[in-house]
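In case you want the letters, here they are:
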Amino acid sequence: MARKSSLLKRAAIAVVSVIAIYVILNASVSPALPSSSDLIREEDEQPRAPIHPKVKVYMYDLPNRFTHGIIEQHAIVRGGIKDDVTALKYPGHQHMHEWYLFSDLNRPETDRPGSPITRVSDPADADLFYVPVFSSLSLIVNAGRPVDPGSGYSDEKMQEELVDWLESQEWWRRNKGRDHVIPAGDPNALYRILDRVKNAVLLVADFGRLRPDQGSFVKDVVIPYSHRVNLFTGEIGVEARNTLLFFMGNRYRKDGGKVRDLLFQVLEKEEDVTIKHGTQSRENRRAATKGMHTSKFCLNPAGDTPSACRLFDSIVSLCVPVIVSDSIELPFEDVIDYRKFSIFVEAGVALEPGFLVGMLRRIGTEKVLEYQREMKQVRRYFDYDNPNGAVKEIWRQVSQKLPLIKLMSNREKRLVLRNSTEPDCSCLCTNQTGLVTSV
């Protein structure tokens, strides 16, 4: 009996030992099941965005005559020159993107958190090459000032010298400029050399002055104008916005901008509508700021080309844009739905007497507030001073061009037979006859 008891004891110890070993091994291999509180905490957490490697950008150290030298020429014409040209301030105008992008790439990486690109010092490491020419400023060096032939500053000469310099660079020749990024925000920027730089990614306000083989949605990036009125810092609301519709700008424009004069004729006698002729000046900018900040709706007709800076002035003023420009192109439409805060009206319809103001008067307060809330959500995209604004978004758009650039570059190198009569497949064809309005 004693022996039997001893055997039972040893068997029980063996079973307990096996169970203990199993528990230890299972605990070391399998993670513990989460508690209910753990499950709730995990569900509340936002999913993390995938981490993408930053696109590597090399910025050319251009000869001074293409950057600070243009600022210097602008100052000389206006009688304000300094000994150190790098200390000259870039003058304010509606195409300041070229300065902001140049300044951004000159900052240390630690001052550029969240940027989708990183600057590299060795061109051999670069995915893309940025050409920091002040092409838009160059256009206005002599604006409104007579220059004797053969003397003074010449934008045309600057353009020719720039493209000659680029074509002498091995990195430009390697892919025929396809992996280069060039600012050309003013619709007339680089007009003389476009056919020689059209392979590059062009940063443009619209395609109004570009042929289909020079610019396209697929190849290029549409960027916002620099807003010229002060940012509205108040809360959303209509109590202090007593004007129904506001416009202040040049009444007489060419091409599609001729609609402005016609709109003046239709609207200038309407009650609670302010529509004034005015050109760029400090006094007029103050008047425009006040007018946009105290109006519910802001008229945005076409200029000499389909786009104009007034749209971006409207957005930062929380003044609902009324866009009368049938061929307008807009920046960042992959992340922004402009219909949520803008009203699009076909030009022919807008010119019908009484139509525009009648439509706007029927829009209730709640709808205006909804438009304002949407504008407040997206207006950082149009602010070049905002660290999460226009500059970062432009670089994001540029970085998205890289796969196509690599595809086109590799394809170009291996093709033997090319049919020059066929359209270039790097453009994007859309419905050219359709008409969509929001009214």
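Residues numbered from 1 in each chain as written. Predicted model: local features only at pLDDT ≥ 70, side-chain atom pairs only at ≥ 80, totals over all residues. Heavy atoms only, no water.

I would appreciate a short explanation of the overall build of the protein in the present structure.
Scanning the protein from terminus to terminus reveals 16 helices and 11 strands. The buried share among the 439 residues of the protein stands at 46%. Accessible surface computed for the protein: about 24000 Å², of which carbon and sulfur atoms make up 53%. (Helix = DSSP H or I, 4+ residues; strand = E, 2+ residues; numbered from the N terminus. Buried < 20%, exposed > 50% of the residue type's maximum accessible area, 1.4 Å probe, protein only. Areas by Shrake-Rupley, 256 points an atom, 1.4 Å probe, with all protein chains shown as cover.)

Sorry, what's going on with the state of the cysteines here?
Two cysteines joined by a covalent bond between their sulfur atoms form a disulfide. Under the definition given, this model contains 1 disulfide. Covalently, C298 is tied to C319 through a disulfide, its sulfur atoms 2.2 Å apart. Disulfide C298-C319: torsion about the S-S bond near 105°, hence right-handed. Placement of C298 in strand β9 (residues 295-301) and of C319 in the loop between α11 (310-316) and β10 (320-324) is noted, with a sequence separation of 21 residues between them. C298 sits in the buried class, given a relative accessible area of 0%. (Disulfide = S-S within 2.5 Å.)

What is the right way to look at the pattern of salt bridges in this model?
Pairing between side chains of opposite charge can happen when the charged atoms of each approach one another. For the coordinates displayed, the defined rule picks out 24 salt bridges. We note a salt bridge from E160 to R192, for which the minimum N-O separation is 3.0 Å. You can see E160 sitting in helix α6 (residues 155-167) and its partner R192 sitting in the loop between β4 (180-183) and α8 (194-197), a full 32 residues away along the chain. Judged by its relative accessible area of 47%, R192 is partly exposed. Counted as one network, the salt bridges with shared partners bring together E160, D164, E167, R192 and R196. (Salt bridge = Lys/Arg side-chain N within 4 Å of Asp/Glu carboxyl O.)

Help me out: how do you make sense of the sheet that holds β4 in this one?
Either a parallel or an antiparallel arrangement is found when strands of a sheet pair, and the pairing is made through backbone hydrogen bonds. If you trace the 6 strands from one edge of the open sheet to the other, you get β2-β1-β3-β4-β5-β6, paired in parallel fashion. In this open sheet, the two strands that pair with only one neighbour each are β2 (117-119) and β6 (221-222). With 2 bridges joining them, strand β5 (residues 201-204) and β6 adopt parallel strand pairing. Its bridge partner being in β6, V204 is matched across the sheet by V222. (Pairing = 2+ DSSP bridges.)

Just to check I follow, could you spell out the environment of I315 for this structure?
Assignment of secondary structure puts I315 in helix α11. For the pair I315 and L231, spaced 84 residues apart in sequence, the C-alpha separation works out to 9.0 Å. Contact partners of I315, with chain neighbours within four places excluded, come to P321, F341, M375, R379 and F382. (Contact = heavy atoms within 4.5 Å.)

Just distances and angles here, no functional claims.
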